[in-house]
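Listed here are the chains, written in short residue letters.
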Amino acid sequence: MDRKILLSVVPFLLWSQHGHSAAFDTCPYTAFLMQDKQTNVYGVNLLTGAYQTLQTDIGQVGNLNAAGYNETDNFIYAFNTTNKKVVRVGNDFTATDLPVTGLPDSPFYVGDVANNTYYLYRSGLYTIPLDESSPDYLKASKVEGSDGSMKLTDFAFHPEDGNIYAVDNKRGYFYRINPNDGSKTILGNAGVTGTFGAAYFEASGKFYFSRNQDGIIFTIDVSDPDNINPTATQFAAGPKSGLNDGVRCASAPVAIEAIDLGDAPDSYQTSVDNNGARHDQSNNSLYLGGIAPDSESVVGTSDDETGIDDEDGVIITPLQNGEQAMITVTANQSGGFLNAWIDWNKDGDFNDTSEQISTGQALSAGMNSIVVNVPDFITAGDTWARFRFSSAQSLPAFGGAPDGEVEDYQVTLENDQLSTFRYGPFTAAFEDSWPREGDYDLNDVVMRYQVEIKTDQNSDTRQIKINGTLQALGADYHNGFGIHLPLLARNSVDEGNIMFTRNGSLVSESPLEAGQGNAVLIISNDLNADVQTGCRFHRTRENCQEVEKFSFSVTIPLVAGVKSWTLPAAPFDPFIFAVDGLHHGADTSLGRGLEIHLDDYEPTQLGNASLELMGNYDDRSDSGLGSLYRTENGLPWGFIITESWSHPLEQVDMLLAYPRFFDYATSGNHVDWFTRGKRVSQHIYGLE
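Because the structure is a prediction, the values reported are computed rather than measured.

Procedures and definitions
- Residues numbered from 1 in each chain as written.
- Predicted model: local features only at pLDDT ≥ 70, side-chain atom pairs only at ≥ 80, totals over all residues.
- Heavy atoms only, no water.
- Helix = DSSP H or I, 4+ residues; strand = E, 2+ residues; numbered from the N terminus.
- Rg over C-alpha atoms; globule rule 2.2 N^0.38 Å.
- Buried < 20%, exposed > 50% of the residue type's maximum accessible area, 1.4 Å probe, protein only.
- Contact = heavy atoms within 4.5 Å.
- Areas by Shrake-Rupley, 256 points an atom, 1.4 Å probe, with all protein chains shown as cover.
- Lys, Arg positive; Asp, Glu negative; His and termini not counted.
- Charge placed at Lys NZ, Arg CZ, Asp CG, Glu CD.
- Pairing = 2+ DSSP bridges.
- 1 Å grid on protein atoms, 1.4 Å probe; cavity = no way out; pocket = protein on both sides within 12 Å on 5 of 7 lines; lining within 4 Å.
- Points joined across faces, edges and corners; volume = space filled by probe spheres on them.
- Nonpolar A, V, L, I, M, F, W, Y, C, P; charged D, E, K, R; others polar.
- Phe/Tyr/Trp six-rings, centres within 6.5 Å; stacked < 30°, edge-to-face > 60°.
- Lys NZ or Arg CZ within 6 Å of the ring centre and 35° of its normal.
- pLDDT = per-residue confidence, 0-100.
- Core = buried A, V, L, I, M, F, W, Y, C linked by side-chain atoms within 4.5 Å.
- Polar contact = N/O pair within 3.5 Å; in protein donor to acceptor, adjacent residues only side chain to side chain.
- Disulfide = S-S within 2.5 Å.
- Salt bridge = Lys/Arg side-chain N within 4 Å of Asp/Glu carboxyl O.
- Axes fitted to C-alpha atoms, helices over the stretch in contact; angles between N-to-C directions.

Q: Where do I start with the overall build of the protein in this structure?
A: Along the backbone of the protein there are 3 helices and 42 strands. The C-alpha radius of gyration of the protein comes to 35 Å, more than 25% above the 26 Å expected for a compact globule of 688 residues. A principal-axis box enclosing the C-alpha atoms of the protein has dimensions of 115 × 55 × 45 Å. Split into buried and exposed, the 688 residues of the protein put 56% on the buried side. At a minimum sequence separation of 6, the contacts of the protein that also span at least 24 residues come to 63%. Summed over its atoms, the accessible surface of the protein is roughly 27,600 Å², and 45% of this surface lies on carbon and sulfur atoms. Seen as two clouds, the 42 positive and the 92 negative side-chain charges of the protein have centres 8 Å apart.

Q: Just to check I follow, could you spell out the environment of T72 for this structure?
A: Relative to the elements of secondary structure, T72 occurs in the loop between β4 (64-70) and β5 (75-80). Owing to a relative accessible area of 54%, T72 belongs among the exposed residues under this scheme. T72 sits 41 residues away from V113 along the chain, and the two C-alpha atoms are 9.6 Å apart.

Q: For this particular structure, what's the right way to read the sheet that holds strand β27 (residues 356-363)?
A: Picture the strands of a sheet paired through backbone hydrogen bonds; they go either parallel or antiparallel. Strand order in the open sheet made by the 5 strands is β24-β31-β29-β26-β27, with mixed pairing throughout. With partners counted over all chains shown, the strands left at the sheet margins are β24 (319-320) and β27, one partner each. Of the strand pairs in this sheet, β24 and strand β31 (residues 405-414) are connected by 2 bridges, and their pairing is parallel. Across the sheet, Q320 pairs through a bridge with E414, a residue of β31.

Q: So what exactly am I meant to see when it comes to the layout of surface pockets here?
A: If you roll a probe as big as a water molecule over the atoms, it shows you where there is empty space left. If you add up the space inside the largest pocket, you get close to 640 Å³. Lining the largest pocket we find 25 residues, and of these A237, G238, S391, A392 and P402 sit closest to its centre. At the level of secondary structure, the elements contributing two or more residues to the lining of the largest pocket comprise β3 (51-55) and β19 (233-237). Across the lining of the largest pocket, the residue classes tally to 11 nonpolar, 10 polar and 4 charged.

Q: Looking at this structure, I do not really get the pairing of strand β29 (residues 381-390). What am I missing?
A: Along any regular strand the residues' side chains alternate between the sheet's two faces. Along β29, 8 of the 10 residues are buried, which leaves the element largely enclosed by surrounding structure. Here strand β26 (residues 336-342) pairs with β29 via 6 bridges, running antiparallel. Residue pairing in the sheet places I342 in a bridge with A385 of β29. With 9 bridges joining them, β29 and β31 adopt antiparallel strand pairing. Each residue of the ladder has a partner; that of R388, found in β31, is V406.

Q: I'm lost on the packing of aromatic side chains in this one. Help?
A: Centre-to-centre distance and the angle between the planes together describe a pair of aromatic rings. Inspection of every chain in the model, using the stated rule, returns 34 aromatic pairs. Their ring planes at 70 degrees and their centres at 5.0 Å tell us that F661 and W673 sit as a pair that is edge-to-face. Here F661, found in helix α3 (residues 661-667), pairs with W673, found in the segment after α3; they are 12 residues apart in sequence, far enough to count as distant. For the residue pair F661 and W673, the accessibility class agrees, reading buried in each case. Over the face of the ring belonging to F235 we find R278, whose NZ or CZ atom lies 4.2 Å from the ring centre. Directly above the ring of F577 sits R592, whose terminal nitrogen or CZ lies 4.6 Å from the centroid.

Q: Before we go on, may I ask you to explain unusual backbone geometry in this structure?
A: Glycine aside, a negative phi is what most residues show, and trans is what most peptide bonds show. The amide bond that connects W434 to the next residue, P435, takes the cis arrangement and shows omega of 10 degrees. P571 follows A570 through a cis peptide bond whose omega is 20 degrees. Topologically, P571 is positioned in the loop between β39 (551-557) and β40 (573-578). For S354, which is not glycine, the phi dihedral falls at a positive 75 degrees. Along the polypeptide, S354 turns up in the loop between β26 and β27.

Q: What is the right way to look at the confidence of the model for the protein in this model?
A: Interpretation of this model should avoid reading the predicted coordinates in detail wherever pLDDT is low. With 95% of its residues at a pLDDT of 70 or more, the protein has an overall mean of 91. Predicted confidence for residues 1-19 stays below pLDDT 50, and this span has 47 contacts to residues more than four positions away or in other chains.

Q: When you look at the nonpolar core in this model, what are you seeing that I'm missing?
A: If you look at soluble globular proteins, the nonpolar side chains tend to sit buried side by side. The biggest cluster of nonpolar side chains holds 45 residues, and the ones touching the most others in it are I464, I466, F481, L488, I523, F552 and V554. It is strand β33 (residues 445-455) that provides the largest number of residues to this core, a total of 5 residues. Core analysis: the next-biggest nonpolar cluster, separate from the first, contains 24 residues, L286, V329, W344 and L413 among them.

Q: What exactly am I supposed to notice about the side chain of E595 here?
A: Looking at where E595 falls in the secondary structure, it is placed in strand β41 (residues 595-597). Here R592 takes part through its side chain, which lies 2.7 Å from a polar atom of the side chain of E595. Within the structure, E595 has its side chain in polar contact with the side chain of T604 (distance 2.6 Å). Beyond its immediate sequence surroundings of up to four residues, E595 is in contact with W434, F575, I576, F577, P603, T604, L606, G607, S610 and Y629.

Q: I'm lost on the state of the cysteines in this one. Help?
A: By definition, a disulfide links the sulfur atoms of two cysteine residues through a covalent bond. Applying the stated criterion across every chain, the model contains 2 disulfides. Each disulfide pairs two cysteine sulfurs, and for C535 the partner residue is C544, the sulfurs being separated by 1.4 Å. Note on the C535 and C544 pair: the S-S dihedral is about -60 degrees, so by sign convention the disulfide is left-handed. Of the residues examined, C535 reaches a relative accessible area of 12% and is grouped as buried.

Q: What's the story with the side chain of D403 in this structure? I'm lost.
A: Within the element layout of this structure, D403 appears in the loop between β30 (400-401) and β31. Nearest to the buried, unbridged D403 among oppositely charged side chains is R388, at 8.8 Å. Polar contacts involving the side chain of D403 include one to the side chain of S391, which spans 2.7 Å. Once you skip the residues sitting within four places of it in the chain, D403 turns out to touch H279, D280, N284, L286, F389, S390, S391 and A392.

Q: Help me out: how do you make sense of the sheet that holds strand β7 (residues 95-97) in this one?
A: One open sheet holds the 4 strands; their spatial order is β4-β5-β6-β7, and the pairing between them is antiparallel. Where the open sheet ends on each side, the last strands, each with one partner, are β4 and β7. On average, adjacent strands in this sheet sit at an angle of 30 degrees to one another, irrespective of strand direction. As paired strands, β5 and strand β6 (residues 85-89) are joined by 5 bridges and run antiparallel to one another. Each residue of the ladder has a partner; that of A78, found in β6, is V87.

Q: Got a minute to help me understand the environment of T270 in this structure?
A: Position of T270 among the secondary structure elements: in the loop between β21 (259-261) and β22 (278-280). The exposure class assigned to T270 is buried, which follows from its relative accessible area of 0%. A C-alpha to C-alpha distance of 28 Å links T270 and P159, two positions 111 residues apart in sequence. A polar contact of 3.0 Å, which involves the side chain of T270, links it to the side chain of R386.

Okay, here's the thing in structure tokens:
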């Protein structure tokens, strides 16, 4: 079959010098769309959905609809729904009124041409002979007894069997309509509904129809009219419109040229013949990576058959079962959307639940990162991933796209037998007035978090994961929050593969603080800036109730050889610190150097300035006794609890809310100090 580019027909259009359009020279390959209240004409590549404007001035006012291509005289015939006139359209897409008689005074939106006869549908089938030698030339008549119950917005003649085919908008029925008597046969249900304003055939007998609302082009194979599967297949993403009608020469094939294909095996729908993922390159400016996609102009099975290796836009970290992976996708420019899949169960398709890992995600120019949760059920081995970038926001793993690129990657799934140990949840609470006692409400920073540690069969720790949510921020001062992992050297962390998210968004900078000998994770440099609360105090006053506004997750892979018994014990060493350049109390505004830890924990290397404040004001730390961050009475400025705990209201002393906390903190008695019978509920936020 001779295959040519669909849009290449435009250059042969000729403009009439006599006030009327000339006929097309030959049966064009292009599918034409007539859209909008004042009609504009577009040429559409059915293979990909790409389109270009062909005419913005049809020579008269109104909307052209119910269009059909007459292969006898090579003109398009249509109905002007505004003027209620039948028109003839030539190769310059300007319309000329025809003196048709016998039609009702109603607009027609459904039509096509076959055997030199124009067929229209509205509550029944009408015919208009186009043969100038016929005595009934341009005399419309209704086909008596024709079925008027179908809800149609377009239909099309099959190029071989002489019947009309259409999809019912409301019920999704796929109809075969006899043009002689207007009777219908229901061939089954197409499985889709909507306003299908454009319908076409091509030479092989494939039926195309597009939905106005979203522009999706569907197909049904009618190459064998006696053996039809009526279920529609999504084929391409085309232009959407409120007013939409399609017309095409049914004897012309759909051509293939200038498309980008994927590389995965054809079970993933890669080839054109298998409705594979394909992107039009005829006028494309969107792509992944630094190399523009190549173009296939033959019936290909993959991108590797021709062109260059242009798969350079995606970087994927190891895909380990039950873990998070980070995928970096580079877009050459903004204005496009990413849809992506990984075949987790290795069954040769992207059709299973949870295999779509990105759905219509807008990409900015440059590097974009997405976090993927690798399922627990995966087994080790190679599989495939597909990434599609296009101006079309919603794309399946198959079918055409009007622009952009598809990149397929063979990836390896890992399923090491790791042991998982979970600790917590813990709640860490701090008073930020140190070294002053302040109001001692211990709600200036309240962070709840849990720890997960994974080890392999050799007792090597593979990763540490910490998830947390801020429970309260009742501070006048600005505070950062960090977690120190004592005894774990900073260089034991595989920093390049850390995954860090705040409020569900990936954070590009590493949380691992530079200048520290041990691993110190800076979760927030300024909680006030990250929380963006509408209240002066976040979740510490009953008259300003708020949901939690700050959460985080940090996954820390470790280099080989870190034995599990050398790790610090969870919950590690959470701490808060002052923000550089902001006031944090008279004579104590040390910026980052001011750290407030749990009782008896030492500052980090970058918090050594805090050592100079110990023993001043209300602090009675004694490093010789190992008693740090304690008052004269032995009360801490920070503590941690493994039980569910509710913090005091703003400016309510901790000892008023929890009277037995003093005994617990100073002597270890009353370990149940937080229970119902030992707390004062009216002093506690959000309780009873």
